[in-house]
Amino acid sequence: MGRFEARVLSKRERRGLLERLKPYYASIPFGEKADWRLVKARTDSGEYEIVVVDSVPCFFEWGDGRIYPTLHCLKASG
């Protein structure tokens, strides 16, 4: 069974994440003032982190350390 924990990202964390995303994504549909949250999911197969912005699951970090957008985020960026 999985467990979830969510917390609001600080301004510093949001800025750092946006800077980290810039080299990979030309347009990010959410600004720094949006509601950015980090959701940690713990399952039997491991722990995962998902960035949720304004209630939309937007990014997740894979084992290689790179952050990937979800289909929801790609759709929002149009």
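In the block above lies the structure referred to throughout.
Throughout, a residue's number is its position along its own chain's written sequence, starting from 1. Given that the model is predicted, a residue must reach a pLDDT of at least 70 before its local features are reported, and side-chain atom pairs must reach 80 or more before they are shown or counted; all residues, however, enter totals for whole chains, interfaces and linings. Water and hydrogen atoms were dropped before computing side-chain values, which therefore reflect all heavy atoms in the structure.

## Considerations on unusual backbone geometry
Leaving glycine aside, a negative phi is the common case for residues, and trans is the common case for peptide bonds.
Turning to step 1, where the next piece is worked out: Positive phi values are uncommon outside glycine, yet Asp54 reaches one of about 50 degrees.
Turning to step 2, where the next piece is worked out: Under the DSSP-based scheme used, a helix requires at least four consecutive residues in state H or I and a strand at least two consecutive residues in state E, with every element numbered from the N terminus. Following the sequence through the fold, Asp54 ends up in the loop between strand 3 (46-53) and strand 4 (56-61).
Turning to step 3, where the next piece is worked out: For Ser55, which is not a glycine, the phi torsion comes out positive at approximately 70 degrees.

## Quick notes on the side chain of Thr70
Turning to step 1, where the next piece is worked out: As for its position among the elements, Thr70 is in the loop between strand 5 (67-69) and helix 2 (71-77).
Turning to step 2, where the next piece is worked out: A contact between two residues is defined here by any heavy atoms of the two lying within 4.5 Å. Excluding residues that lie within four positions of it along the chain, Thr70 makes contacts with Pro57, Cys58, Phe59 and Phe60.

## So, the nonpolar core
Turning to step 1, where the next piece is worked out: The criterion is simple. A nonpolar core is a set of buried Ala, Val, Leu, Ile, Met, Phe, Trp, Tyr and Cys residues joined through side-chain atoms within 4.5 Å. Think of it in three bands: residues with accessible area under 20% of the maximum for their type are buried, residues over 50% are exposed, and the middle band is partly exposed, with areas taken using a 1.4 Å probe on protein chains only. One finds Leu17, Phe30, Trp36, Val51, Val53 and Phe59 to be the most contacted residues of the largest nonpolar core, which totals 15 residues.
Turning to step 2, where the next piece is worked out: If you list the elements that add at least two residues to this core, you get helix 1 (11-21), strand 2 (36-43), strand 3 and strand 4.
Turning to step 3, where the next piece is worked out: By residue number, the principal contributor to this core is helix 1, which donates three residues.
Turning to step 4, where the next piece is worked out: Beyond its immediate chain neighbours, meaning those up to four positions away, Trp36 contacts Arg7, Val8, Leu9, Arg14, Leu17, Leu18, Phe30, Gly31, Val51, Val52, Val53 and Phe59.

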